Amino acid sequence: MGPLSPRLQISVKQSQILTPGLVQMVKVLQLNRLELRDMIAEEIAQNPVLEETGESGDELTPAEVQVLLEAERAPDPSDAEVMAVTKEATAGTFEVEAETYDGPETADATLPSADFDTQAETAAAQSEDPFDQIDFGSYFEDWMDPGFRSPGAEDPDKPSFETFLSSPITLTSHLRQQLALLVMDPEVRDAADAVIGNLDDTGYLSVPLDEIAESEGYALENLERALEEVQCLDPAGVGARSLQECLLLQLESRHGRDGVAWLIVRDHLKLVENKSVRELARLLGRPIEHIQTALEVIRHLDPKPGIRYSGPGARQVEPDVYVFKDGDDYVIQISDDDLPQLRLNGSYRKLLDREQEPNKDTRNYIKERFQSALQLIRNIEQRKQTILKVCHSIVRRQTEFLEHGIDYLRPMMIKEIAEEIGVHASTVSRAVAGKYAHMPHGVFELRFFFSEAVQGPSGGGIPLQTLKRMVKKMIDDEDATKPLTDDQIAAMLQQQGIQVTRRTVAKYREDLKIPSTHHRRERN
């Protein structure tokens, strides 16, 4: 047998397999409040034995369902003893007291005659002509009423109410609405519509005109005229093919053509990036005050004019946890008021009984639905308890933050919280992912409180978030003509007892999206 020939081997290995219930528990734990609400609504729609509290019908407790499921697993479910246990377990919940009649004792003697009279009236009503039972006078009075409209008179082609609901305005629709008000040749209008269709989310035309002409069959001269029309639309700067053209279009819309700012953008945009004020004044022959005013105008221009229509909408955030102070203690409350409160529908319990439901497939299906519903209820409760434990640990460790603000945030690791509450670190990570807490100083993401420690004064640790804030404050307070270098910032931090290197400061500065020293310097 060769070395590459097929062969059979027996080996022993250990592997971890997640059960469906454990998979669902992990999924439920990492959902935020809005996502959990959608998941519960979907489960209610799919599982007939799961319903919201307050709906009509009998209610089963998890303990009673467990008794029913255990009875189904018994070796002889038709045994009288098993059925007796089931009835005893559900007797306290599902017995319905009969309504009592508080009238005189002689009322029972009149009941048969009353039933007889009712039957006689029903028979007489059935013998009458149904045509005679229609009140035609009332019908024609309603029909002749000007305010009356029969269902058949409704126009089926009439647009529905949803058509008139507000919807977000996109950049394409905003431009085409303005284009419809302009007077131009049909060929140019079609070409302008094609130009609008080729704009990116920022409002720039990223496709050359000759490529549009070749791919879509438009004349190049029509596309050039169409682009001029599009560049005159709102927002100013849309349809530009470069940053320089975008800024020039915005300055022209403000009647600033041939002005100082317009000349700077047209001829010396690179010097604007380097903040070379004196060089610009020398090249343009203007006072430094004029250059500084023009640069201030340029700074207020929008380099991405289309992003206001194409950017992502406002992110909807609803706190999952509320933390507020009651006396000297902090109270933690899970926000679950708008979450559906689940219960088990007891109307399906009879389908687990072999005497009432002989079909085994039906019994197995209902059994699976009960087990799935029970597992979901347990997982939702487990999620709640896990988040509460994590938040209690955060509040105990971040008391100074709750009292005095963000400058007193302490370093804290996920592993520390996991060891304190006795769970795996991944469980804590899922519990805080995408969830927000309403604190006395604002709404914060739970993950915000977890930050590694940096060697601080007197050997103590300060959180990474605080260190980044210190770097940003130093740069904000610097002299714009002599900005601080990364080495100088690192030296200033080391003087305060914080051991960081120049590369670490550069990394924090890039995370904060702060430009380098060369780009921050103002050259007067």
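As the structure is a prediction and not an experimental result, all values here were calculated from the model.

**Topic: the overall build of the chain**
A tally of helices and strands in the chain yields 24 helices and nine strands. Per-residue burial for the chain yields a buried fraction of 34% across its 524 residues. Look at the contacts in the chain between residues 6 or more apart in sequence, and 63% of them connect residues 24 or more apart. Of the roughly 33,400 Å² of accessible surface on the chain, a fraction of 51% belongs to carbon and sulfur atoms.

**Remarks on the nonpolar core**
Ranked by internal contacts, the top residues of the largest apolar core, which has 30 residues, are V321, V390, V428, F449 and F450. When residues of this core are traced back to their parent elements, those giving at least two are β3 (321–326), β4 (329–334), α17 (360–397), α18 (399–404), α19 (414–421), α20 (425–432) and β6 (436–439). Ranked by residues supplied to this core, first place goes to α17 with six residues. Listed in part, the 20 residues of the second largest apolar core include L171, M184, L227 and L233.

**Some remarks on the confidence of the model for the chain**
In regions of low pLDDT, the predicted coordinates are not meant to be interpreted in detail. Looking at the chain, pLDDT values average 77 and 74% of them are 70 or higher. Of all the helices and strands in the chain, helix α4 (residues 80–94) carries the lowest mean pLDDT, 41, while helix α11 (residues 243–253) carries the highest, 92. Below pLDDT 50 for its whole length, residues 72–125 participates in 34 contacts with residues either more than four positions away or in separate chains. A low-confidence stretch, residues 142–154 (pLDDT under 50), is modelled with three contacts involving residues beyond four sequence positions or located in other chains.

**Focus: the pairing of β4**
Going residue by residue along β4, you find Y330, I332 and I334 tucked away on one face and D329, V331 and Q333 left uncovered on the opposite face. Where β3 meets β4, six bridges bridge the pair, whose relative direction is antiparallel. Each residue of the ladder has a partner; that of V323, found in β4, is I332. If you look at the hairpin formed by β3 and β4, you'll find two residues sitting between the two strands, and G327 has a positive phi there, around 75°.

What counts and how
- Residues numbered from 1 in each chain as written.
- Predicted model: local features only at pLDDT ≥ 70, side-chain atom pairs only at ≥ 80, totals over all residues.
- Heavy atoms only, no water.
- Helix = DSSP H or I, 4+ residues; strand = E, 2+ residues; numbered from the N terminus.
- Buried < 20%, exposed > 50% of the residue type's maximum accessible area, 1.4 Å probe, protein only.
- Contact = heavy atoms within 4.5 Å.
- Areas by Shrake-Rupley, 256 points an atom, 1.4 Å probe, with all protein chains shown as cover.
- Core = buried A, V, L, I, M, F, W, Y, C linked by side-chain atoms within 4.5 Å.
- pLDDT = per-residue confidence, 0-100.
- Pairing = 2+ DSSP bridges.

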